[in-house]
Amino acid sequence: MQRRLAAILSADAAGYSRLMSDDELATVRSISVCRKLVCDLIETHHGRTVDTPGDNILAEFGSALDAVEAACAMQTQLIACNAELPEHRRMGFRIGVNLGDVIVEDGRVYGDGVNIAARLEALAEVGGICVSGKVHDEVRGKLACAFEDIGAQTLHNIAAPVRAYRIAPAGAPPAAAPSAPAAVTAVRPSVMVLPFVNMSGVAEQEFFVDGLTEDILTELSRFRELFVISRNTSFKFKGQTVDVKSVARDLGVQYVLEGSVRRVGDRVRITAQLIDAEADRHVWAERYDRKLEDIFAIQDEMTSAIVAVLPGRVEAATADRAARKPTGSMAAYECLVTSKVLHHRSTRAENVEALRLVTRATELDPNYAHAHAWRGCIIGQAWTYNWCDDLAAAQVEIERELKLALALDDNDSDVHRILAAVYTLQNDFDKLLYHQRRALSLNPNDDLIVVQQGEILTWLGQPDEGVEWILKAMRLNPFHPDRFWSHLGRAHFVARRYAVAIDALLRIAVPNALQHALLAACFARLGDAAQARQHLDAALKQRPGMAVAGDIEPTLHYRHAADLEHHRESLLQAGFAA
């Protein structure tokens, strides 16, 4: 074996499975013609064809410039070749090019340098080319082609993100000048659940497997922010070998959930994976192992686990996609998702940007209930932290947005969740309980609703029950934000379990001033003056002059005076000014 630096080109045919299904002989002839054309161009540009398995072509070049020139020539020639075929028989290619260290053995090449090229190929458009940042830096200014920076990409089984650039598809018309975005209806992310595969070899398990798929479909449909492909469409693919990219493209679906079920002895193993069909990469995967004591209880548990995590993974992937686009071209949903991400960071600057984006979402679609609810929530965050110039005006606007959201969609669980949160800020316990119960009834699998149930129970003086709900939310969403630890820490603090509260609060990556204040109160109650002082200083560094009455008490919403007095005394004991 030897190592060397090489430019690796990976190309494959788009829609190959569909073409083979339609006409195997014609597809084999077409791929043979395309392969001959591509291999000749690789040789012309001083490259070497390494392998040609199926519809894929892998080549090695000594120069990044040669590799990109070859890729551009390939796409030009393939367009001309396809022009002679009927549209439904045309074979478009995607090409990825990477520059990296590879291992060479018996003429074959291995390593991340090769894997990255293959992953970049999946990011290219049909008829287009996608190259790594290393390749871009080598060829920039040396070729008459335009590069589109699509940002750092998280690639499947590649440890670090890779910066990527797209080259426009061959023959593509020049991009039109940007125009003012028109009003649009919010586009929900679309998900297709493929029938889970029975790997047990036991026919009786087929009912369990189909039931699991149907339950996942039903429960996902409760998330109004997801567009879920119907059961009838999903089950058309049962028992088939599915090309995920092709099926997703035909149905216009962004994400595909697939999985399998295997029974071994008295145990059942279920695997599930979410695929971003556009980027052809895994967003999330998980495996569940359970004893086969009560198969229907297992089915309920698996459904709950998958459904609870999936919307969060879809939203995170959509936010990542939106972050790579200029704001002016985002759909209303993408504006909303990005505003949520910024809101959760809880800083003044990001609250301002979150408000700008969520406002844009309501402008793009004035009837978007979810966006109006979140606009009220984001203004509510500014109101809570005293980031508003006019607190009274902000409160009026919050109420207006939430009333509008409720009028537009009374069945949106998130609208009721946010209303419950706002009425918590106002200490209106009757209204917050109504909306929280309504949110839970509409979607008991939403981790944000579940964790809020724990938070509310803590304010109501039921911290032990609150802890149970918060821990349930953490199980529902293993990727939960740091504020879940804050809720858990406060619940243990109210229950007078100060050491356990500290353990939860110290798991927060970057505590804010209020979290430092709660840590100081816990350490003060334990008699650890040094640690209490350290967190007092950290809180005052973030918010100079922070005092109990003016800064901390307005953020506390205890129903019982005894709980409020306990919190207040703990802060004074830690050294905060009254």
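Everything in this summary refers to the structure shown in the same document.

1. Observations concerning the pairing of strand β8 (residues 162-167)
Burial analysis of β8 places five of its six residues in the buried class, which makes it a mostly covered element. For strand β7 (residues 147-153) and β8, the ladder comprises five bridges, and the chain directions are antiparallel. Residue pairing in the sheet places Glu 148 in a bridge with Arg 166 of β8.

2. Some points on the nonpolar core
If you look at the biggest cluster of nonpolar residues, it comprises 41 residues, and the most contacted ones within it are Leu 488, Phe 493, Cys 522, Met 546, Ile 552, Leu 571 and Phe 576. Those elements giving two or more residues to this core turn out to be α16 (447-459), α17 (463-476), α18 (483-494), α19 (498-505), α20 (513-525), α21 (529-542), α22 (548-552) and α23 (561-574). Among the elements that line this core, the one with the most residues is α20, at 10 residues. Residues within four places of Phe 493 in sequence aside, it is in contact with Tyr 498, Ala 501, Leu 518, Ala 521, Cys 522, Tyr 558, His 566, His 567 and Ser 570. Residues Ala 332, Val 358, Trp 374 and Tyr 423 belong to the second largest nonpolar core, which totals 36 residues.

3. Let's talk about the pattern of salt bridges
Pairing is possible between side chains that carry opposite charge, provided their charged atoms lie close to one another. This model, assessed by the stated rule, comprises 24 salt bridges. For Arg 360, the salt bridge identified is with Glu 363, shortest N-O distance 3.4 Å. Here Arg 360 pairs with Glu 363, and both are found in helix α11 (residues 348-364), just three residues apart, close to one helical turn. Arg 360 sits in the partly exposed class, given a relative accessible area of 21%. A relative accessible area of 47% places Glu 363 in the partly exposed class. When the shortest N-O distance is used, the salt bridge between Asp 503 and Arg 507 registers 3.5 Å.

4. Some words on helix α10 (residues 332-345)
With 14 residues, α10 extends 21 Å from end C-alpha to end C-alpha; this agrees with the ideal 20 Å at 1.5 Å per step. Backbone geometry just downstream of α10 places Ser 346 in the positive-phi region, at approximately 55 degrees.

5. Remarks on the packing of aromatic side chains
Tallied over the full model, the rule gives three aromatic pairs. Here Tyr 385 and Trp 387 contribute two aromatic rings whose centre-to-centre distance is 4.8 Å and whose plane-to-plane angle is 20 degrees, an arrangement assigned as stacked. Note on Trp 459 and Tyr 558: the rings are 4.9 Å apart at their centroids and 70 degrees apart in plane angle, and the pair reads as edge-to-face. Placement of the pair is Trp 459 in helix α16 and Tyr 558 in the loop between α22 and α23, with a sequence separation of 99 residues. Here the two residues Trp 459 and Tyr 558 agree in accessibility, since each one is buried.

6. Concerning the packing of α18 against α20
Remark: α18 packs on α20, axes separated minimally by 11 Å, with the N-to-C direction vectors making an angle of 30 degrees. In terms of axis orientation, α18 runs roughly parallel to α20. By crossing handedness, the relation of α18 to α20 is classed as left-handed. On α20, the residues touching Ser 486, Gly 489, Arg 490 and Phe 493 of α18 are Gln 515, Leu 518, Ala 521 and Cys 522.

7. Focus: the pairing of strand β4 (residues 93-105)
Extensive coverage of β4 is indicated by the burial of 10 of its 13 residues. Bridging between strand β1 (residues 2-13) and β4 involves 12 bridges; their strand directions are antiparallel. Looking at β4, one finds that Leu 5 is bridged to Asp 101. In the sheet, β4 pairs with strand β5 (residues 108-110) via three bridges, with the strands oriented antiparallel. Paired with Ile 103 across the two strands is Tyr 110, which belongs to β5.

8. Description of the environment of Trp 485
Of note, Trp 485 is situated in helix α18. With a relative accessible area of 17%, Trp 485 lands in the buried category. Between the C-alpha atoms of Trp 485 and Ala 504, which are 19 residues apart in sequence, the distance is 5.4 Å. Apart from the residues within four sequence positions on either side, Trp 485 is in contact with Met 474, His 480, Ala 504, Leu 505, Arg 507 and Ile 508.

9. Overview of helix α8 (residues 244-251)
Regarding α8, the residues found buried are Val 244, Lys 245, Ser 246, Val 247 and Ala 248. Capping of α8 at its N-terminal end is provided by Asp 243; its side-chain oxygen lies 3.2 Å from the backbone amide nitrogen of Lys 245.

10. Here's the deal with unusual backbone geometry
Here the phi dihedral of Asp 106 falls at roughly 55 degrees; this positive angle occurs in a residue that is not glycine. With respect to the helices and strands, the residue Asp 106 is situated in the loop between β4 and β5. Look at Asp 106 and you get exposed, because its relative accessible area is 78%. Residues other than glycine seldom take positive phi values, yet Asn 386 does so here, at roughly 60 degrees. For Asn 386, the position within the fold is in the loop between α12 (369-384) and α13 (391-408).

Rules of the game
Residues numbered from 1 in each chain as written. Predicted model: local features only at pLDDT ≥ 70, side-chain atom pairs only at ≥ 80, totals over all residues. Heavy atoms only, no water. Buried < 20%, exposed > 50% of the residue type's maximum accessible area, 1.4 Å probe, protein only. Helix = DSSP H or I, 4+ residues; strand = E, 2+ residues; numbered from the N terminus. Pairing = 2+ DSSP bridges. Core = buried A, V, L, I, M, F, W, Y, C linked by side-chain atoms within 4.5 Å. Contact = heavy atoms within 4.5 Å. Salt bridge = Lys/Arg side-chain N within 4 Å of Asp/Glu carboxyl O. Expected span 1.5 Å × (residues − 1). Phe/Tyr/Trp six-rings, centres within 6.5 Å; stacked < 30°, edge-to-face > 60°. Axes fitted to C-alpha atoms, helices over the stretch in contact; angles between N-to-C directions. Parallel < 35°, antiparallel > 145°, perpendicular 65-115°, else oblique. Left-handed = near helix turned anticlockwise from the far one by under 90°. Polar contact = N/O pair within 3.5 Å; in protein donor to acceptor, adjacent residues only side chain to side chain.

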